[in-house]
Amino acid sequence: MSALIQAPPGASATTTTDESAGGDAGIERFGPLTALRRTPGHIWLVTGLFGLLLASWSVLVPQYHAPDEPNQVDAVMRLVQGDGWPRPGNAFVAADGVGAIAVSPFGSRAYHYQLTVDPIPARDAVPRHLRPAWDRLATAGQPPGSIQQIVQHPPLYYWVNAAILATLPGGGDTLRWDVTIGLLRMISVLMLTPLPLIIHVAARSLRLPPAAATVAALTPFAVPQLLHIGSSVNNDNLLILLGALVTAAVAHILGGDASARTAMWTGLLTGLALLTKSFAVVLVVMVGAAYVAVRLRGTRLPWRSIALCGIMIITAGGWWWLVNMIRWGTFQPSVPGFPAGQYVGSDWTVYWSWMSTGLLGRWWGSIGWYEVELPLPLVLAASGVVIGLAACAVIRASGWTNRSNLLFMLWPTFALLVIVGAGAAVHVARTGHITGISGRYLFMGISGVAVLVGAGSAAFGPRPARWMPLALLTAAAGMQAESIKAVVDYFWRPRAGVAIDAWHAMAAWSPWPAVVVEVCFAMTAVLTVVTAATLARACCERTGSVAPVAVPAGPGLPPAGPGTLSAAGIELIDTRRLNASVRQCQGPELPPVVSLSGNVTMLGRSGSRWPLPARGARSANGRPASPEAASQNDDLKQAEGGAGPPKR
């Protein structure tokens, strides 16, 4: 019996290796430049669309209608103006920061410092040329600033933003207040734009099929809250970026990459995450556990790599928490005078409500200061799909190694859920108030969740899996349309107004000219159509044109059938690309459809190899393959170290 292996035309028959660096064949090394070179074109298209969508969201949501955004902006500007990073409890929102709240759309014309619950009218917007610079915002008679709780966090995100503003003419605080906030939002957009690309790198390093890796890269589009947070001023954005990079590095480690280069990058990125927010401590555990896991699987771990990773973690950011212990006697100091949250007394039903449907809603879409929320049935349905796909991925994974790799991807979200839930429970028990439960606190693990969604999409067989990228993009477009409509209706559309009235209000309050906003929206719409068309064309090509290669079942091969081959981790090979990608043939090449009397070399997800075809391989028409091709196989065998499966 022979098994049919189907490969789409143009699919590469090779797996990335780094043998020149002294590594094992089939192991892809982690590195930013390496990832960029190996990213396919359609993922660049997806990444560009994600950046444009983030930029659009930065205008859709009014300034200062994002969680903690007034304090986040003030924390950046205090560094720009040289006020430093004082001990928590000794810092307050500066006078310019208070003035920014008054002139922003945070409140109404009558009540500047109370969050408005009405649509924001265009008539209240001051013409752009009359809006004051940031350093001219303070006015006589304004109230004093509230407690500045942001200084309890490490300052990396705020240093980066302040350094960029400081390079601008005038030192960074002489720009219009709305342009200052708009630029800070765009810095966050730039931080989060590479997220689909990084997720694709992680999925590829775990040997997910191409369609599944594309599904993983598209998953962030389906979470409106991620787009909202990613387009506002918030230190979670740098944490999401660094968390995704560490997750991709860990995926490479789990694939057997124990190189010093990967260890250095992993330690550096983990340390920078620690210098961004305390939640990054879960990444330290993840990295350490990954090295332990690959050692238990039999991979030799050079102590030089482990030591280098640890040194980089401490040097790049771990030192901040050691200094906290020395200076303040605690890992993260509390903020005296900070509001305790909503009072619930001993009613724990409120806590469990917040930790269940409340947390789900705030993860999927609770825009602004929890002002615009997605319908609960939609939230529950979307949650069910994600949980179901993740469960399918773990349950149907072949072998404990692949299953544990997927569980590693889930670790950041699970650990953060425990930390958030435990912290809120302790706070309720001590004070009777509830606070600190927000979906954005789990976004550092969004890349791992996306990888599981991609892996789950491949569990339904090869043909349905080919259409999953287009299906997910369609579902994500529906989620975005629902949330954008809700945002426009709540913030911009007058009570008795129409869509054009909402546009006029949005354009009036925007820091950018209306034509710039129009171009951004139009480019987003066009690129959405182009991306959908590209994915649809790819699906049709994979479905309608394949190159079958008949391979006999042998002692080293799994039972026949595409499903079993995929489950065993065998990648599909197109012989039309095999000749070009493996070696330049000196003579006639193997025909597109080949029936081999021996076995064929294939690289699996774990980098394992099957024997090369023996001399005397025959083509599909029964004629012997050319002597040059048979000689080429022998040459490759010798390069592997002799006939038969090469030693690892």
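Since this is a predicted model, take the numbers as computed values, not measurements. Sequence order as written defines the numbering, with residues in each chain counted from 1. The predicted nature of this model means local features are confined to residues of pLDDT at least 70 and side-chain atom pairs, given and counted, to a pLDDT of 80 or more, with totals for whole chains, interfaces and linings taken over all residues. The side-chain figures draw on all heavy atoms in the structure; neither hydrogens nor water molecules are used.

Helix and strand definitions follow DSSP, with helices as H or I runs of at least four residues and strands as E runs of at least two, each counted in order from the N terminus. What the protein chain contains, in helices and strands, is 24 helices and seven strands. We call two residues in contact whenever any of their non-hydrogen atoms come within 4.5 Å of each other. A separation threshold of at least 6 residues defines the contact pool for the protein chain, and within that pool the share at least 24 residues apart is 79%.

Before going further, it helps to spend a moment on the nonpolar core. By convention a nonpolar core is built from buried Ala, Val, Leu, Ile, Met, Phe, Trp, Tyr and Cys residues, the set being connected through side-chain atoms within 4.5 Å. Buried, partly exposed and exposed residues are distinguished by accessible area as a fraction of the type maximum, computed with a 1.4 Å probe on protein chains only: under 20%, between the cut-offs, and over 50%, respectively. Grouped together as the largest cluster of nonpolar side chains are 158 residues, with contacts concentrated most on L226, W364, M409 and I437. If near-sequence neighbours (up to four positions away) are discounted, M409 is found in contact with L206, T247, A251, L254, M286, G448, V449, V451 and L452.

This brings us to the packing of aromatic side chains. Planes of paired rings set the category: under 30 degrees apart is stacked, over 60 is edge-to-face and the rest tilted, where pairs are Phe, Tyr or Trp rings (Trp by its six-membered ring) whose centres lie within 6.5 Å. According to the stated counting rule, one finds 14 aromatic pairs in the structure shown. Taken together, a centroid distance of 5.2 Å and an interplanar angle of 70 degrees make the contact between F50 and F221 edge-to-face. In this pair, F50 sits in helix α2 (residues 41-60) while F221 sits in the loop between α8 (210-218) and α9 (224-230), placing the two residues 171 residues apart along the sequence. Note on F221: relative accessible area 3%, which makes it buried. Judged by centre distance (5.2 Å) and plane angle (90 degrees), the ring pair of Y157 and Y158 falls under edge-to-face. Taken individually, Y157 and Y158 each receive the classification buried, so the pair is uniform in this respect. Clustering of aromatic rings is evident, with ring pairs tying together W85, Y157 and Y158. In this structure, R362 is placed above the aromatic ring of W354, and the distance from its NZ or CZ to the ring centre is 4.8 Å. Only when the NZ of Lys or the CZ of Arg is both within 6 Å of the ring centre and within 35 degrees of the ring normal is a charge said to sit over the ring. The residue whose ring lies beneath R362 is Y370, and the NZ or CZ to ring-centre distance is 3.6 Å.

So, about the side chain of N405. Residue position: N405 is located in helix α17 (residues 399-431). Look at N405 and you get buried, because its relative accessible area is 8%. Whenever a nitrogen or oxygen atom comes within 3.5 Å of another N or O atom, the pair is scored as a polar contact, on the condition that within protein one atom can donate a hydrogen and the other can accept it, and that pairs from neighbouring residues in sequence are kept only if both atoms are in side chains. Within the structure, the side chain of N405 is placed 2.8 Å from the side chain of R297, a separation counted as a polar contact. With residues near it in sequence (within four places) discarded, N405 still touches L206, L254 and R297.

To continue, consider helix α7 (residues 195-205). Counting buried positions along α7 gives eleven out of eleven residues, so the element sits mostly inside the fold. Where α7 terminates, the next one or two residues include R207, which has phi positive at roughly 65 degrees.

Another point: the side chain of Q148. Among the secondary structure elements, Q148 is positioned in the loop between α4 (95-103) and α5 (156-166). Judged by its relative accessible area of 0%, Q148 is buried.

Our focus in this paragraph is the packing of helix α10 (residues 236-254) against α17. Between α10 and α17, whose axes approach to 11 Å, the crossing angle comes to 160 degrees. Taken together, the axis directions place α10 and α17 in an arrangement best described as roughly antiparallel. Handedness of the α10/α17 crossing: right-handed. Across the interface between the two elements, T247, A251 and L254 of α10 pack against N405, F408 and M409 of α17. A fitted line through C-alpha atoms represents every axis, and for helices the fit uses only the stretch in contact; the resulting angles, taken between N-to-C directions, go from 0 to 180 degrees. Roughly parallel means an angle under 35 degrees; roughly antiparallel means over 145; roughly perpendicular covers 65 to 115; every other angle is labelled oblique. Handedness of each helix crossing follows the sense of rotation of the near helix against the far helix: counterclockwise by less than a right angle gives left-handed, clockwise gives right-handed.

This part is about a nonpolar patch on the surface. In this analysis, a patch consists of residues with relative accessible area above 30% that form no salt bridge, clustered at 9 Å for like charges and at 5 Å for the nonpolar side chains Val, Leu, Ile, Met, Phe, Trp and Tyr. Note that accessible areas follow from Shrake-Rupley with a 1.4 Å probe, and for residues the cover is restricted to the protein chains shown. We define a salt bridge as a contact between a side-chain nitrogen of Lys or Arg and a carboxyl oxygen of Asp or Glu at a distance within 4 Å. A cluster of nonpolar side chains, contributed by W400, L407, L410, F414 and V418, occupies part of the molecular surface with about 500 Å² of accessible area. In this structure, F414 sits in helix α17. Taking relative accessible area as the criterion, F414 reaches 49% and is therefore assigned partly exposed.

When pLDDT is averaged across the protein chain, the result is 82; 79% of the residues are at 70 or more. pLDDT expresses how confident the predictor is about each individual residue, on a scale running from 0 to 100. In this model, residues 1-25 is a region of pLDDT below 50 whose contacts with residues beyond four sequence positions or in other chains number 75 contacts. Note that residues 543-648 has pLDDT below 50 and, in this model, 179 contacts with residues that lie over four places away or in other chains.

Given a relative accessible area of 0%, F50 falls into the buried group. As for F50 and T524, which are separated by 474 residues in sequence, their C-alpha atoms are 8.7 Å apart. With residues up to four places along the chain from it excluded, the contact list for F50 reads L192, T193, L195, P196, P220, F221, L226 and L227.

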